[in-house]
Amino acid sequence: MISFLCSLKVRFLKASKIVITGAPGTGKTVVVKALEARGFHCFHEIIRSMTAKAKEDGISKELVSNPLVFVDDPKKFNQTLLDARINDVIQAEKSSETVHFFDRGIPDVLAYMDYFNQTYSNDFVRACEDYRYDILFIMPPWRDIYISDNERFETFEEAEAIHEHLIGTYTKFGYRPIEIPKTTIEDRVTFILDELKLA
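Residues numbered from 1 in each chain as written. Predicted model: local features only at pLDDT ≥ 70, side-chain atom pairs only at ≥ 80, totals over all residues. Heavy atoms only, no water.

(A) The arrangement of the pattern of salt bridges in detail. Applying the stated criterion across every chain, the model contains eight salt bridges. Linked by salt bridges that have partners in common, Glu45, Arg85, Arg104 and Asp108 make up one network. (Salt bridge = Lys/Arg side-chain N within 4 Å of Asp/Glu carboxyl O.)

In structure tokens:
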């Protein structure tokens, strides 16, 4: 009986794909890096590097909340982002690692497109349905730590609105978000690992 339970736990961990999401400036990426420092396998967010490159390659324009202002083809930008996140899930499923953390997930793409009133094909919806995560953590907007920078253009109020879109999109696809408390990085990591019984 004990060996069966142990093998069941191993199978659960083998399939564990864990998303950490949240509006801009919530501290999500720092927490993911802290998890990586503890030895967990992490897939990092690519939107900031994509935004920086699009800004660098594009014509200089006034900074606004939508990073797609720097992109000649927003649909291609979003498709590239979607494909990259799908590839992350595929790589996780092929990996010998038992636990994978993702800095944002596939439904984030739809949440942001909805927020910016952008249209998308059914392929985007099917991607959310076909490539699933096991657990979703979300970080709430936190004014005290919010900072705008060269790749983060949103105001805090916009970040709050994006948070609601993230909640709505993930819930629509059947996820039950677990909110990470507003506390220190170390305590946030401990909270996540306690929830996952990995502490």
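That covers the picture; the talk isn't over yet.
(B) Local environment of the pairing of strand E4 (residues 135-139). Judged by how many residues are buried, E4 sits mostly within the fold: five of five residues are covered. Side chains of E4 alternate between two faces, with Ile135, Phe137 and Met139 and Leu136 and Ile138 buried alike. As paired strands, strand E1 (residues 16-22) and E4 are joined by five bridges and run parallel to one another. Residue pairing for E4: Ile18 is matched across the bridge by Ile135. The pairing of E4 with strand E5 (residues 178-179) spans two bridges and is parallel. Note on E5: the bridge partner recorded for Ile138 is Glu179. (Buried < 20%, exposed > 50% of the residue type's maximum accessible area, 1.4 Å probe, protein only. Helix = DSSP H or I, 4+ residues; strand = E, 2+ residues; numbered from the N terminus. Pairing = 2+ DSSP bridges.)

(C) How the structure looks around empty space enclosed by the protein. Scanning the entire structure with this criterion turns up one cavity of 30 Å³ or more. If you add up the space inside the largest cavity, you get close to 50 Å³. Taken together, Phe43, His44, Glu45, Ile46, Ala84, Arg85, Asp88, Phe102, Asp103 and Arg104 form the lining of the largest cavity. The set of elements that each furnish at least two residues to the lining of the largest cavity consists of helix H4 (74-94) and strand E3 (99-103). Looking at the lining of the largest cavity element by element, the count peaks at three residues for H4. Looking at the lining of the largest cavity residue by residue, the classes come out as four nonpolar, one polar and five charged. (1 Å grid on protein atoms, 1.4 Å probe; cavity = no way out; pocket = protein on both sides within 12 Å on 5 of 7 lines; lining within 4 Å. Points joined across faces, edges and corners; volume = space filled by probe spheres on them. Nonpolar A, V, L, I, M, F, W, Y, C, P; charged D, E, K, R; others polar.)

(D) Spatial organisation of the sheet that holds E1. The strand order E2-E3-E1-E4-E5 describes an open sheet built from five strands, whose pairing is parallel. Each edge of the open sheet is held by one strand with a lone partner, namely strand E2 (41-43) and E5. Sheet contacts for helix H7 (residues 156-172): E1 and E4; angle to E4, the most-contacted strand, approximately 165°. (Contact = heavy atoms within 4.5 Å. Axes fitted to C-alpha atoms, helices over the stretch in contact; angles between N-to-C directions.)

(E) The arrangement of unusual backbone geometry in detail. Of note, Arg104 is a non-glycine position whose phi angle comes to about 80°, a positive value. Inspection of the secondary structure puts Arg104 in the loop between E3 and helix H5 (106-115). Among the residues examined, Arg104 registers a relative accessible area of 8% and is labelled buried. Positive phi, close to 60°, is recorded for Lys197, a residue that is not glycine.

(F) Here's a closer look at the packing of aromatic side chains. One pass over the full model with this rule turns up nine aromatic pairs. Relative to Phe116, the ring of Tyr115 lies with its centre 4.8 Å away and its plane at 70°, an arrangement referred to as edge-to-face. Side by side, Tyr115 and Phe116 carry an identical accessibility label, which is buried. Judged by centre distance (6.5 Å) and plane angle (75°), the rings of Phe137 and Phe191 are edge-to-face. (Phe/Tyr/Trp six-rings, centres within 6.5 Å; stacked < 30°, edge-to-face > 60°.)

(G) Local environment of the side chain of Ser95. For Ser95, the position within the fold is in the loop between H4 and E3. Using a relative accessible area of 16% as the deciding quantity, one classes Ser95 as buried. Among the polar contacts made by the side chain of Ser95, one reaches the main-chain amide nitrogen of Glu97 at a distance of 2.9 Å. (Polar contact = N/O pair within 3.5 Å; in protein donor to acceptor, adjacent residues only side chain to side chain.)

(H) Quick look at helix H2 (residues 28-37). For H2, the complete set of buried residues consists of Lys28, Val31, Val32 and Leu35. The buried residues of H2 occupy an angular sector of 100° when the element is viewed end-on, so they sit on one face. Across H2 from its buried face, at more than 90 degrees, point the exposed residues Lys33 and Ala37. Taken together, the buried residues of H2 touch E1, E2, E3, E4 and helix H8 (185-195). (Arc of directions from axis to C-beta.)

(I) Just the packing of H5 against helix H6 (residues 122-130), in detail. Where H5 meets H6, the axes come as close as 8 Å, and the angle between the chain directions of the two elements is 145°. Note that H5 runs across H6; the crossing there is left-handed. Packed against H5, whose contacting residues are Ile106, Pro107, Val109, Leu110 and Met113, the element H6 presents Phe124, Val125, Ala127 and Cys128 at the interface. In terms of residue class, the contact of H5 with H6 is made up of nine nonpolar, no polar and no charged. (Left-handed = near helix turned anticlockwise from the far one by under 90°.)

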